[in-house]
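Listed here are the chains, written in short residue letters.
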Amino acid sequence: SLGRPVGGATASQGHLGYMDICLCFFFFFIYLFFLQVLLVFAKEDSQSNGFCWACEKANFRCSMARTPESALECFLEKHHDLVIIDHRHSRHFDAEALCRPDREEASVMPLINAGFNRRYVENANMMACYNELLQLEHGEVRAQFKLRAGNAIFTALEQSQEAIEITSEDQVIQYVNPAYEAIMGYQQGELIGKEIIEVPKSEKNKPDLLETINSCIRKGKEWQGIYYAKKKNGDSIQQNVKITPVIGQGGHPILLPSPKCVNVQCYFYSPDIQSSKHKDRRKGSLDVRSTTSRGSDGSSQRRHSSMARIHSMTIEAPITKVINIINAAQESSPMPVAEALDRVLEILRTTELYSPQLGTKDEDPHTNDLVGGLMTDGLRRLSGNEYIFSTKHPHHIPSHLTTPLSLNDIPPRIAQTMENEDSWDFDIFNLEAATMKRPLTYLGLKIFSRFGVCEFLNCPEATLRSWLQVIEANYHSSNSYHNSTHAADVLHATAYFLCKERVKQSLDPIDEVAALIAATVHDVDHPGRTNSFLCNAGSELAILYNDTAVLESHHAALAFQITTRDDKCNIFKNIERNEYRTLRQAIIDMVLATEMTKHFEHVNKFVNSINKPLAALEENGNRILVKRMLIKCADISNPCRPQELCIEWAGRISEEYFAQTDEEKRQGLPVVMPVFDRNTCSIPKSQISFIDYFITDMFDAWDAFADLPNLMQHLDNNFKYWKGLDERKLHSLRPPPE
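In the nomenclature of an unreviewed UniProt entry, the chain corresponds to Phosphodiesterase from the organism Anabas testudineus. The chain has a UniProt comment under Sequence similarities (unreviewed entry) that states "Belongs to the cyclic nucleotide phosphodiesterase family. PDE8 subfamily." On record in UniProt, under Pathway (unreviewed entry), the comment for the chain is "Purine metabolism; 3',5'-cyclic AMP degradation; AMP from 3',5'-cyclic AMP: step 1/1."

Caption draft 1: Just the packing of aromatic side chains, in detail. If you walk through the whole model with that rule in mind, you get 21 aromatic pairs. Between Phe-658 and Phe-676, the aromatic rings sit 6.3 Å apart at their centres with planes inclined by 50°, giving tilted as the arrangement. Pair noted here: Phe-658 is in helix α28 (residues 643–667) and Phe-676 is in the loop between α28 and α29 (683–706), with a separation of 18 residues, a long-range link. Its relative accessible area of 3% is what places Phe-676 among the buried residues. A centroid spacing of 5.1 Å and a plane angle of 80° characterise the contact between Tyr-693 and Phe-694, whose relative ring orientation is edge-to-face. In this pair, the class of Tyr-693 matches that of Phe-694, namely buried. Taking the ring centre of Phe-560 as reference, the NZ or CZ of Arg-584 above it sits at 4.6 Å. Between Arg-652 and the ring centre of Trp-649, over which it is positioned, the NZ or CZ distance is 5.7 Å.

Caption draft 2: Broad picture of the packing of helix α25 (residues 599–609) against α29. Relative to each other, α25 and α29 sit at 25°, their axes nearing to 10 Å. Overall, the two elements α25 and α29 adopt an arrangement that is roughly parallel. Seen from above, α25 lies across α29 with left-handed handedness. Contacts between α25 and α29 involve His-599, Phe-600, Val-603, Phe-606 and Val-607 from the first element and Tyr-693, Phe-694, Met-698, Ala-701, Trp-702 and Phe-705 from the second. For the contact of α25 with α29, the per-class residue count stands at 10 nonpolar, one polar and no charged.

Caption draft 3: Quick peek at the pairing of strand β8 (residues 236–243). Relative to β8, strand β7 (residues 223–230) is paired through eight bridges, and the arrangement is antiparallel. Residue Gly-225 lies in a different strand from β8, and its bridge partner there is Val-241. Counted along the chain from β7 to the antiparallel partner β8, the turn is five residues long, and its residue Gly-234 has a positive phi close to 100°.

Caption draft 4: Inspection of the UniProt feature "active site" (unreviewed entry) in the chain at higher detail. UniProt tags His-482 as "active site" (unreviewed entry). Here His-482 is to be found in the loop between α17 (461–473) and α18 (484–498). When its relative accessible area of 13% is taken as the criterion, His-482 is described as buried. If sequence neighbours within four positions are ignored, His-482 has contacts with Tyr-475, His-476, Asp-523, His-526, Ile-653 and Glu-656.

Caption draft 5: Examining the sheet that holds strand β1 (residues 36–40) more closely. With respect to topology, three strands assemble into an open sheet ordered β2-β1-β3, the strand pairing being parallel. Edge positions in the open sheet fall to β2 (61–65) and β3 (82–85), since each of these has one partner strand only. Averaged over all pairs of adjacent strands, the angle between their axes in this sheet comes to 20°, without regard to strand direction. Taken together, the four bridges between β1 and β3 define a ladder with parallel strand orientation. Bridging from a neighbouring strand, Leu-38 pairs with Val-83 of β3. The strands that helix α3 (residues 46–57) touches are β1, β2 and β3; relative to β1, the one it contacts most, it runs at about 170°. Across the face of the sheet, helix α4 (residues 68–78) comes into contact with β1, β2 and β3 while running at roughly 170° to β1.

Caption draft 6: Highlighting the UniProt feature "binding site: Zn(2+) 1" (unreviewed entry) in the chain. Mapped onto this structure's residue numbering, the UniProt feature "binding site: Zn(2+) 1" (unreviewed entry) falls at His-486, His-522, Asp-523 and Asp-635. Spanning 150 residues, the named residues nonetheless gather at one spot, since no C-alpha pair among them exceeds 10.0 Å. With residues near it in sequence (within four places) discarded, Asp-523 still touches Tyr-475, His-482, His-486, His-555 and Asp-635. Within the secondary structure, Asp-635 is located in helix α27 (residues 623–635). By relative accessible area, which is 10% here, Asp-635 ends up buried. Look past the residues within four positions of Asp-635 in its chain and what remains in contact with it is Tyr-481, His-486, Val-490, His-522, Asp-523 and Thr-594. Within the structure, Asp-635 has its side chain in polar contact with the side chain of His-486 (distance 3.1 Å).

Caption draft 7: Main features of the environment of Ile-213. Tracing the chain through its elements places Ile-213 in helix α9 (residues 209–218). Judged by relative accessible area, which is 3%, Ile-213 ranks as buried. Sequence spacing of Ile-213 and Gly-225 is 12 residues, and the spatial spacing of their C-alpha atoms is 9.7 Å. Residues contacting Ile-213, with those up to four places away along its chain left out, are Trp-223, Tyr-227 and Ile-243.

The rules behind each value
Residues numbered from 1 in each chain as written. Predicted model: local features only at pLDDT ≥ 70, side-chain atom pairs only at ≥ 80, totals over all residues. Heavy atoms only, no water. UniProt positions renumbered as here; feature names shortened; annotations may be inferred. Phe/Tyr/Trp six-rings, centres within 6.5 Å; stacked < 30°, edge-to-face > 60°. Helix = DSSP H or I, 4+ residues; strand = E, 2+ residues; numbered from the N terminus. Buried < 20%, exposed > 50% of the residue type's maximum accessible area, 1.4 Å probe, protein only. Lys NZ or Arg CZ within 6 Å of the ring centre and 35° of its normal. Axes fitted to C-alpha atoms, helices over the stretch in contact; angles between N-to-C directions. Parallel < 35°, antiparallel > 145°, perpendicular 65-115°, else oblique. Left-handed = near helix turned anticlockwise from the far one by under 90°. Contact = heavy atoms within 4.5 Å. Nonpolar A, V, L, I, M, F, W, Y, C, P; charged D, E, K, R; others polar. Pairing = 2+ DSSP bridges. Polar contact = N/O pair within 3.5 Å; in protein donor to acceptor, adjacent residues only side chain to side chain.

Right, dumping it as structure tokens:
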């Protein structure tokens, strides 16, 4: 059954290249990792439970049948890859008769004739069952899968425009594809069955080249390099060749050419599919065929090096070093370990190493929508007309704002609301009301003064005041959430974290200044819409930044444009050039770290580093990880605030998402987060999903580093609050009045 869908997928293409061939292997491995097992047990006991548990642990799809009739019906419906039949209790049913009812001999032969491959001695130990299943999967089942995929793979080879040649171990040509024949000038089938030595060779190759190639092949290693071949008409042709040895059962599929290769020769060591190349280490099972056939003593275990070997580079990237270490470990590893390492390598080759893969079956829609809305750049693409979202409006210092002369001139009412700004329970909404929605300028003046930012930057306080005002003026007060109050809240959290002892020990003064500035500007000119919305709408910003970290790139770029174009607000004017470059890079890095598509990457890297001693953190430059984590936690710390503040923030972000959904419907755009429909949305459910998916693990790690028990207590209280509302089936921010 494997051959049909894969073959269909490849045969439908006119001309197949490298990616099409990879697609064949992709489908092949999809089938491989969804093995179907049928268990035929007349009654439930410890043995049947052992195999059920083993299937679950191995991620195999398992069916159970109790009678011969139901077993046959189930098998005909699903065509399982592996069938395990209980042969202990003949009074329930005859296992041999179930496979082939016309055999009655009492020897081993009837088992073979009836279709049995192995006989498993009763052992209810769960790990024994698990090991048995893995041995079967990595042995005969995988070999059968490869055979079924053969037609599809050769269809891909036939259509490939890369030239490919396959020879036997004796260097007899078994196959060349049409591209090879066309390049070399041979007619169809003219080369099949010939030995390589019969094909003319070019004199341009170095004398020892063939010996070098054969030496690699004998060791089971790839060879890649320049090789001169001779066409049928006698002309020499330079080729970039990759030669890959392929072992049979238990080995790996043929490594097909990269797009740069012109010619590939694959020395194919043909196995006897019905005999095992590996020693049977199982005491509890018997290979039925081994009692009657030769050549299966397992004495010669031969394994080639990983086909994904990355050749030595002059300058190695860390991931290259990791892959090379794994490749080296594979050389001397037992087969199960080597194959496990192959799977590790496959994972390491993906680009999204830190992003979890959500299932699609029974996921909470609130979680799916939050992930889709916050962690994608408009991947739910347009299906209708584009909507141009313009962000054109002037960025300048508004003349109507009254600038306080100094900290001492701040009105008493405002100063009073900031008395406890160094406390986590500081109420930012009181300051918002007292300042008429201009909390960022006032709070910024006080916090920047407390940290000595003007002294560090060698900048007058008047310049800092002007800068804070122009940055705040470019936050949109019309946004319910992403306004200057949110920026002030993030600045407050950043300052609070910077005072924690271990954070202070980890960072330099320049890091502290960068963190405070990054918090202040991190959402400047935010339009109140997500990156996904901007990308789907075809906005100017999305086009400018190629649909990648659109808003975060804009916030960082605009902050420096505003700051440096006017000396009156250029807080960087008086610092030395190299110091400015360092500060600028740190600010940009922190602002970009607030992009949610990289959330799990930043969190996991931080978690992997915090167990190291502090000196190691500094030596390895992992202060960057601390700064990223700091601003990320400050940016989405709402669920860790006192309950009333948490509820207010939840209402504001929900309103902003409701407004986006309304506009998407009005403009005919894809709805990025369907659950945020103001008529049906459950705010408690959305908060629960956000806390579960994004907040808990991140703040657990941050608390372990910075020691923040008060935040964790607030988080626990708020989670219980939202859970309580959800359990009462309430969709609102608060319960109805008594």
